[in-house]
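Tertiary structure, described
Listed here are the chains, written in short residue letters.
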Amino acid sequence: MAGAGGGPGTGSAAGTGSAAGMSRIEWVRSGCRLLGSIAAEFSRTRPFDGLTIGTGIHLEPKTVALLLTLAQGGARVVSTGNLSSTQADAVEYLRARGVEVIGAATTDEGVHDEHLHEVIATRPQLLLDNGGDLFVRYLAEPYPGLLGGTEETTSGRMRLRPLAARLGVPVLVINDSPIKQFAENRHAVGQSVLESYLRITNQMTNGRQVAVFGYGACGKGVAANFRNACASVAVVEIDPVTRLEASLDGFAVPGRDQALRAADVVITVTGAESVITADDLGLLKDDAVLMNAGHFPREIAVDDLAGAASVVERYPAADGIETFRLEDGRRFHLLTRGHMANLAGPRPLGNSIESMDLGFALQARCLEAVAAGSLAGGHTVVPVPQFIDELVAVSFLDLYGRSGESARSGGSGPPGGPGSGPGARAGGLPDDEGAGQHLAAGRAPGPDVRA
């Protein structure tokens, strides 16, 4: 179904979504200067003509801007959302503009799995994945013609790296771009998690004891933002070098049990499974708040907590908050059912427009490079090529008026530039490997990190 202005990704169409939701999408799209410029270029160059792009990604206003940019490049875009984060206004907006959206918001993993299989059943030539879900299902149901694609997250990279030889096609990991690490993970995630805590709980942070599990790029941002909001922040991190870094950054670095006993707020941001379980209930303070900021909704083992013998009552306390009462009278409060709080709570906003514009410009450019076949060998589950990082960085400084000199406009340029080989960037992978928090409690990684 095309929009009123013509083909997919153009014009505006009437619908039954809320006026507020639709206007917020327009506000976000107007603020994505990089994607707007790339979309205008793609409408001329058509890098995805004749190709289907399958996506499994949070469906909210910023991803609307990305998916419509890909459609402007001639792609047939087939998309489904992630668990718990799909926004109805975004789905309607996309469908009205020719994007095929499978399913709706769900917290049921079985239903979500069916949606992912439906995406794979369309046999996309390119996959835009978020957590490795689509590539894993492709390996279970392989078909000819897959050119490759992108993976958004560290959790997905951890899941896909052991499968690289079986995949055998270029898969570029957006989260391993330095731009993604500092712009979105460190700055934007930290801001949005703090904003979500304030919005959902309406509690002050001043003087509160906050324990942040994980000190990768996202954990760094969360810890820094809560400290800036006058909380007393401790970091739980078992990697000794990263733990030292947190200490030198000025954070307390107690053991996990000590941190849990002291914490008014516990935030998981590790990429691992079962970071907080029923075994930890004896450590929690009365009225402690548990909040997950990691991609998968399993860092806090919610079913395990709910099934504990010491839990005598569970009830909704407020929008986005569940309260659990223990037999000794203590209570603890779980935000957004353990799903990613900045995208699963009431009126979720996610990360800032500009940070997502940067990250999604990387997505668009990486998919363009894969579609063009311009990458050298060895690009299976590797970081974004350096030439794409540089192209997007120059374009952002230019388009957002932050460059002191005239720069290339619009982020245009052919994929496959100098320094695009897999060894182009020195220094290895970023320190955002999920922080190994599952090991702190003697537990093995879950399927999110083990594939």
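Cut-off values and rules
Residues numbered from 1 in each chain as written. Predicted model: local features only at pLDDT ≥ 70, side-chain atom pairs only at ≥ 80, totals over all residues. Heavy atoms only, no water. Helix = DSSP H or I, 4+ residues; strand = E, 2+ residues; numbered from the N terminus. Buried < 20%, exposed > 50% of the residue type's maximum accessible area, 1.4 Å probe, protein only. Contact = heavy atoms within 4.5 Å. Areas by Shrake-Rupley, 256 points an atom, 1.4 Å probe, with all protein chains shown as cover. Axes fitted to C-alpha atoms, helices over the stretch in contact; angles between N-to-C directions. Parallel < 35°, antiparallel > 145°, perpendicular 65-115°, else oblique. Left-handed = near helix turned anticlockwise from the far one by under 90°. Nonpolar A, V, L, I, M, F, W, Y, C, P; charged D, E, K, R; others polar. Pairing = 2+ DSSP bridges. Right-handed = clockwise from strand over helix to strand, strands pointing away. Core = buried A, V, L, I, M, F, W, Y, C linked by side-chain atoms within 4.5 Å. Phe/Tyr/Trp six-rings, centres within 6.5 Å; stacked < 30°, edge-to-face > 60°. pLDDT = per-residue confidence, 0-100. Salt bridge = Lys/Arg side-chain N within 4 Å of Asp/Glu carboxyl O.

Some thoughts on the overall build of the protein
The helix and strand tally for the protein stands at 18 helices and 14 strands. A total of 451 residues make up the protein; the buried ones form 58% of that total. Sequence-distant contacts in the protein: of pairs separated by 6 or more residues, those separated by 24 or more amount to 69%. In the structure as shown, the protein presents an accessible area of about 16,800 Å², 52% of it carried by carbon and sulfur atoms.

So, the packing of helix H2 (residues 33–45) against helix H3 (residues 61–72)
Running from N to C, H2 and H3 cross one another at 15°; their axes reach a closest spacing of 8 Å. With respect to their mutual orientation, H2 and H3 come out roughly parallel. As for the relative orientation of H2 and H3, their crossing is left-handed in sense. Residue-level inspection shows Leu35, Ile38, Ala39, Phe42 and Ser43 of H2 in contact with H3, the latter providing Ala65, Leu66, Thr69 and Gln72.

Remarks on the packing of H3 against helix H4 (residues 88–95)
For any two helices packed against each other, the geometry comes down to the angle between their axes and how far apart the axes lie. Orientation of H3 relative to H4, taken along the N-to-C sense of each, is 15°, at an axis distance of 10 Å. As judged from the angle between their axes, H3 and H4 are roughly parallel. Note on packing geometry: the crossing formed by H3 with H4 is right-handed. Contacts between H3 and H4 involve Val64, Leu67 and Leu68 on the former and, on the latter, Ala90, Tyr93 and Leu94. Residues that form the contact of H3 with H4 fall into these classes: six nonpolar, no polar and no charged.

Details of the sheet that holds strand E10 (residues 288–292)
Strands sit in the order E8-E7-E9-E10-E13-E12-E11 across an open sheet of seven strands; the sheet is mixed. At either margin of the open sheet sits one strand with a lone partner, and together these are strand E8 (232–236) and strand E11 (311–318). Ignoring which end each strand starts from, the neighbouring axes of this sheet average 20° apart. In the sheet, strand E9 (residues 265–268) pairs with E10 via four bridges, with the strands oriented parallel. Note that in E10 the partner of valine 266 across the bridge is leucine 290.

Structural notes on the pairing of E8
Counting buried residues along E8, four of its five residues qualify, which places the element largely inside the surrounding structure. Looking at chain direction, strand E7 (residues 209–213) and E8 are connected through five bridges and run parallel. Among the inter-strand pairings, valine 212 is bridged to a residue of E8, identified as valine 235. Between E7 and its parallel partner E8, the chain crosses via helix H10 (residues 217–228), and the hand of that crossover is right-handed.

Things to note about the nonpolar core
As a rule of thumb, soluble globular proteins bury nonpolar side chains together. If you look at the biggest cluster of nonpolar residues, it comprises 53 residues, and the most contacted ones within it are Phe48, Leu70, Leu94, Ile388 and Val392. Looking at this core, the elements that each hand over two or more residues are helix H1 (19–31), H2, H3, H4, strand E4 (126–129), helix H9 (178–201), helix H15 (353–372) and helix H16 (386–399). Per-element accounting of this core gives the leading share, 11 residues, to H15. Not counting chain neighbours up to four residues away, the residues in contact with isoleucine 388 comprise Leu362, Arg365, Cys366 and Ala369. Cys218, Val233, Phe251 and Ala293 belong to the second largest nonpolar core, which has 27 residues in total.

Side note on the packing of aromatic side chains
In the structure shown here, the tally under the stated rule is six aromatic pairs. Pairing tyrosine 197 with phenylalanine 226 gives two aromatic rings, centres 5.7 Å apart and planes at 65°, and the pair type is edge-to-face. With a gap of 29 residues between them, tyrosine 197 in helix H9 and phenylalanine 226 in helix H10 connect regions that are remote in the sequence. Between phenylalanine 324 and phenylalanine 332 the ring centres are 4.7 Å apart and the planes differ by 5°, which places this aromatic pair in the stacked class.

What about the confidence of the model for the protein?
With 85% of its residues at a pLDDT of at least 70, the protein reaches an overall mean of 86. Note that pLDDT drops below 50 for residues 406–451; the model gives that stretch 127 contacts with residues more than four away or on any other chain.

Some words on the pattern of salt bridges
Inspection of the entire model under this criterion finds 21 salt bridges. Note that aspartate 176 is salt-bridged to arginine 157, the shortest N-O span being 2.7 Å. In this pair, aspartate 176 sits in the loop between strand E6 (171–173) and H9 while arginine 157 sits in helix H7 (residues 154–160), placing the two residues 19 residues apart along the sequence. Since its relative accessible area comes to 1%, arginine 157 is described here as buried. A salt bridge links aspartate 257 to arginine 256, with the nearest nitrogen and oxygen atoms 3.7 Å apart. Under the relative-accessibility criterion, arginine 256 is labelled buried at 11%.

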